Each structure stands twice: as C-alpha cells, then as structure tokens.
Amino acid sequence: MTYLYAADRTPFGRFGGGLAGVRPDDLAAHAITAVLVKAPLLDPARVDDVVWGNANGAGEENRNVGRMAALLAGLPVSVPGTTVNRLCGSSLDAAMAASRQIDTGDADIVLAGGVESMTRAPWVLPKPERSFPAGDVTAVSTTLGWRLVNPRMPAEWTVALGEANEQLQERYGISRARQDAFAARSHLRAHEAWESGFYDDLVTPVPGTDLTRDESIRPASTAEVLAGLRPAFRQDGTITAGNASPLNDGAAALLLGSERAAGAIGLDPLARIAGRGTCALEPQRFGYAPVAAAERALARAGVGWNRVGAVELNEAFAVQSLACLDAWRIDPEIVNVHGGAIALGHPLGASGARILGTLAKVLRERGERYGVAAICIGVGQGLAVVLENPHAGA
C-alpha cells in the first residue's frame, strides 16, 4: 500500500507575473526542497526515485526535469529521477506511477510532483525538410494546446481547447449563467481559504520572489461581473476568460512511501492511495474524461460515491467541471471547498499534485474517510485517484 506523507507547492503565479523570472527546473527543485523540509528525519539518500510531471518539455525543463530538479535540490546523485508527460495530468500520473512502484515493492520512498512555467514556454521552429529554404518560417508558441499538428489527425480532434468545451456545452446544455456562478464560487472560496490560513502549510514561497499567495485569485469576481465578459472562442459562445482557468507558473511536490517507510520518514501518513483510474475519449471530449476515470478509481477502491466526502476536480473550464459533477450526481458542496483552478491557477504539469495534496488536507480537516482527485487532460484523457483518510472512522 502507498501512503501520502507530505505535500507542498509554490504559490501559482499568473502568466508573466510573480514567478515569470524563475526557471521551471528551479521551481521544481524548490518544491522538492519544501516537501522534504516537512520530513526532517528523512535521510534524502533513502529516496528511491523522483517521478516528476511536465507537460511542455520544450524549454528550460527539456533535459528530464525530474532528474534535474533532484540534483538542483541537493539530493544525492544516487537518487534517480524521471519525467512523465500526460499533459494536464502529468503530476497526478507521476503520483500514480510512484504508487505502483511502492505497491509492487520496487520502492519504499518516492518523491512525485510536477512543474510548469507557461510564461517561459518557448517558441519553436520546425526544421526544414531541405537545406536553405527560401520562404518564411513561423515560430510556434508551446504555451498551450496543439502545435505542429500531424495532418493525418482528423480536424475534429484538433480543435482549440476552448472550442472543444463549447462543443461540450452544446452537448450537455450547461448555461453561461451556471458557468459564471461556478467560477465566482471558485474565486470566493479560494480567497476565503487563504484568509483563513488553509493554504499556509501547503504553500512555500519561492526565494527571491515576492509572491506569497496564488496570483490569479480575484475575490471581486462575482457572477454579475463575470457575466459582462465577452466570449473568448465563439462570437455567441459561453466560455470567457473569467470561467476558464488562466495560464500559470508553479510546481507541486508529494512525499509518498510504503507503510514500513513511516519510521524512516518520521511522519504519520496523511492519506492512503486507495484506487487509481484512467480514461480516454475522443480528443475533443477531454473535458468529460474525468467522469469514467473517477468511476474506475472508485471501483478499484471498492468504494461508492455515497462514501465520498470530498472531491478535488481540476477546473480547466467551468463547463467541463459542471458536466462532470452532473454526471456523477454528487453534492456540489463537497467539491473544491477551498477553490479550484479557475481561481488558484492551472500550471499544467503541477495541477495534479496540487489537487492530491489539497484533498488529503481536506479529508483530515473535515473528518471524511474517502475523497476523489480528478483531472481532465488534453487529447481526450482523464485521471482520478481515490484517497483514504487513515484517521477517519469507518
């Protein structure tokens, strides 16, 4: 069995904001250092592996950022590291892969997490197919979404992420008003969570920066204010900059271990990874993929929705979040109780670790036994993890 012993992350900076001057490998190294500070008795040489998520991989993080971050964080050179890429789900995938290592006995202690600097994502140029072409070449942004698309891909698969979610809105009839209300709730709850101190022991500021809180939170974003924003993807659309997640920079880390590793780590576990689920749909339906992923994770945990007391669902778009909640038929009041990605931010490779660490604390805070962390992923995928609070009653 795999347990989560500690979680930490950077504040999430907005695009071009407070973390814009920090390299992604340095962000990752900082997150690793911060989570290890929580386990002062742990000899870093006892870490069996570092499994790290990153969606871009085209910039300063390009040489296996998991290994680079471990070295930059000062871990012994004997500690290996790898990087996984499942786009927005990369760090949740990293945690799932780490848990499999521990479950099979291949490792006792693994650091997992992820990083993204969407600000510092580079422009790329395709290499010419022949020497010295005479025409112009276009630099392509790697910040978000499709780029250098294979012409064999069906056009309906490669629509922009916003257009894909407008199609989701049409399919499930989710109104603009519902989306705006959901987004406003995210901002309000995130603001209240910071004001109440909920995130104080989950977030460690990056040295050399002034950012101490997540930078994209807008507590004045009421549903009425958001209703005044123009659609971003269709002239008559429902998705705006206000009811979708922003572009962000940040990193998040998790300390995972077996039950027998508790002595070496020097901490009581926060939660147990009880189930894992993966799902894939048509690429343009990626926003709905968490539905089946969560169902599969719950089935593997042997738990029904009636026993779930908390859900952390990454809010890529309000519309896809609402589509998932409607499909699960759960009480919205147990979902993202301290805000979600629309307010907190969505640095792609870091978001999965953020929601898992947040979920573990929510379960402890509320005394709930089971919770679900779920995330949608571009190109039609979804991931989910079921956590069990070992300190809760049956």
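Source: prediction; values computed, not measured. All residue numbers here refer to positions counted from 1 along the written sequence of the relevant chain. Where totals are concerned, whole chains, interfaces and linings use all residues; where local detail is concerned, this predicted model gives features only for residues with pLDDT of at least 70, and gives and counts side-chain atom pairs only at 80 or more. Side-chain measures were taken over the full set of non-hydrogen atoms in the model, leaving aside hydrogen atoms and water.

(A) Inspection of the overall build of the chain at higher detail. By the criteria applied, helices consist of DSSP H or I runs no shorter than four residues and strands consist of E runs no shorter than two, each listed in order from the N terminus. Within the chain, the regular secondary structure consists of 11 helices and 12 strands. With C-alpha atoms as the basis for the radius of gyration, the globule rule is written as 2.2 Å multiplied by the number of residues raised to the power 0.38. The C-alpha atoms of the chain give 20 Å as radius of gyration, which agrees with the globular expectation for 394 residues (21 Å, within 12%). With the C-alpha coordinates aligned to their principal axes, the bounding extent of the chain is approximately 60 × 55 × 40 Å. When accessible area is computed with a 1.4 Å probe and restricted to protein chains, residues below 20% of their type maximum are described as buried, those above 50% as exposed, and intermediate ones as partly exposed. Taking all 394 residues of the chain together, 57% fall into the buried category. Note on definitions: a residue-residue contact is assigned when non-hydrogen atoms from the two residues lie within 4.5 Å. For the chain, long-range pairs separated by at least 24 residues make up 80% of all intrachain contacts whose partners lie at least 6 apart in sequence. In these tables, accessible area is a Shrake-Rupley quantity obtained with a 1.4 Å probe, and a residue counts as shielded only by the protein chains included in the view. Total accessible area on the chain is roughly 15900 Å²; 51% of this is exposed by carbon and sulfur atoms. We treat Lys and Arg as the positive residues and Asp and Glu as the negative residues; His and chain ends play no part in the count. We put the charge of a Lys on NZ, of an Arg on CZ, of an Asp on CG and of a Glu on CD. Side-chain charges in the chain split into 36 positive and 42 negative, and the spacing between the mean points of these groups amounts to 3 Å.

(B) Representation of a nonpolar patch on the surface within the structure. A surface patch of nonpolar side chains, amounting to about 230 Å² of accessible area, comprises Val149, Met153 and Trp157. Structurally, the position occupied by Met153 is in the loop between strand E7 (140–141) and helix H4 (161–172). Taking the relative accessible area as the measure of exposure, Met153 reaches 32% and is therefore partly exposed. Any residue with relative accessible area above 30% and no salt bridge may belong to a patch, with like charges joined within 9 Å and the nonpolar Val, Leu, Ile, Met, Phe, Trp and Tyr side chains within 5 Å. Salt bridges, as used here, are contacts in which a Lys or Arg side-chain nitrogen is within 4 Å of a carboxyl oxygen on Asp or Glu.

(C) Summary view of the packing of aromatic side chains. Aromatic pairs are defined between Phe, Tyr and Trp rings, using the six-membered ring for Trp, whenever the two ring centres lie within 6.5 Å; interplanar angles under 30 degrees are classed as stacked, those over 60 as edge-to-face, and all others as tilted. Applying the stated criterion across every chain yields a total of 5 aromatic pairs. Between Trp305 and Trp328, the aromatic rings sit 5.0 Å apart at their centres with planes inclined by 40°, giving tilted as the arrangement. Placement of Trp305 in the loop between helix H8 (290–301) and strand E10 (308–313) and of Trp328 in helix H9 (residues 318–328) is noted, with a sequence separation of 23 residues between them. In terms of burial, Trp305 and Trp328 fall into one category: buried. Directly above the ring of Tyr199 sits Arg9, whose terminal nitrogen or CZ lies 5.3 Å from the centroid. Consider the ring centre and the ring normal. A charge sits over the ring if Lys NZ or Arg CZ is within 6 Å of that centre and within 35 degrees of that normal. Over the ring of Phe198 we find Lys361, and its NZ or CZ is 4.5 Å from the ring centre.

(D) Seen up close, the packing of helix H3 (residues 90–103) against helix H11 (residues 351–366). Comment: axis = line fitted to C-alpha atoms, over the contacting stretch for helices; angle = value between 0 and 180 degrees taken between N-to-C directions. With their axes 5 Å apart at the nearest point, H3 and H11 run at an angle of 65° to one another. Facing H3, whose interface residues are Ser91, Leu92 and Ala95, H11 presents Ser351, Gly352, Ala353 and Leu356. Taken together, the residues of the contact of H3 with H11 break down into 4 nonpolar, 3 polar and no charged. All residues other than Ala, Val, Leu, Ile, Met, Phe, Trp, Tyr, Cys, Pro, Asp, Glu, Lys and Arg, Gly among them, are scored as polar; the first ten of these are nonpolar and the last four charged.

(E) Broad picture of H11. Given a rise of 1.5 Å per residue, 16 residues ought to cover 22 Å, and the 22 Å separating the end C-alpha atoms of H11 matches this to within 8%. For H11, the tally of buried residues reaches 12 of 16 residues, placing the bulk of the element in the interior. Within H11 the residues assigned to the buried category are Ser351, Gly352, Ala353, Arg354, Ile355, Leu356, Gly357, Thr358, Leu359, Ala360, Val362 and Leu363. One or two steps after H11, the chain reaches Gly367, where phi turns positive at roughly 70°. A helix is expected to reach a length of 1.5 Å times the quantity of its residues less one.

(F) Structural view of the pairing of strand E8 (residues 248–258). By the criterion of burial, E8 is predominantly enclosed, with 11 of the 11 residues buried. The alternating pattern of E8 places Asn248, Gly250, Ala252, Leu254, Leu256 and Ser258 and Asp249, Ala251, Ala253, Leu255 and Gly257 on opposite faces, both of which are buried. At least two DSSP bridges between two strands are required for those strands to pair. Sheet topology note: the strand E1 (residues 2–9)/E8 ladder contains 7 bridges and is antiparallel. Across the sheet, Asp8 pairs through a bridge with Ala253, a residue of E8. Inspection of the sheet shows strand E2 (residues 13–14) paired to E8 by 2 bridges, in the antiparallel sense. Each bridged residue has a counterpart across the sheet, and for Arg14 the counterpart in E8 is Asn248. The sheet contact formed by strand E5 (residues 109–117) and E8 spans 9 bridges and is antiparallel. Residue pairing across strands places Ala112 opposite Leu254, the latter belonging to E8.

(G) How the structure looks around the side chain of Arg272. If you trace the backbone, Arg272 turns up in strand E9 (residues 271–280). Here Arg272 falls in the buried class, since its relative accessible area comes to 17%. Here the side chain of Arg272 touches Glu388 through a polar contact of 2.7 Å, side chain to side chain. Here a polar contact is recorded for every N or O atom pair within 3.5 Å, except that within protein the pair must consist of a potential hydrogen donor and a potential acceptor, and residues adjacent in sequence are included only if both atoms are side-chain atoms.

(H) Quick look at the environment of Asp200. Inspection of the secondary structure assignment puts Asp200 in the loop between helix H5 (176–196) and helix H6 (223–226). Judged by its relative accessible area of 53%, Asp200 falls in the exposed class.

(I) Local environment of the pairing of E10. Burial within E10 is extensive, with 6 of its 6 residues counted as buried. With 5 bridges joining them, E10 and strand E11 (residues 370–377) adopt parallel strand pairing. Bridge assignment links Glu312 to a residue of E11, and that residue is Ala373.

(J) Local environment of H9. Counting buried residues along H9, 9 of its 11 residues qualify, which places the element largely inside the surrounding structure. Summarising the contacts, the buried residues of H9 are in contact with H4, H5, H8, E10, helix H10 (341–344) and E11. Where H9 ends, the next residue or the one after it, Arg329, has phi of about 55°, a positive value.

(K) Spatial organisation of the pattern of salt bridges. As enumerated under the stated definition, the model contains 18 salt bridges in all. The partner of Arg23 in a salt bridge is Asp25, with the nearest N and O atoms 2.9 Å apart. Owing to a relative accessible area of 34%, Arg23 belongs among the partly exposed residues under this scheme. The partner of Asp93 in a salt bridge is Arg86, with the nearest N and O atoms 3.0 Å apart.

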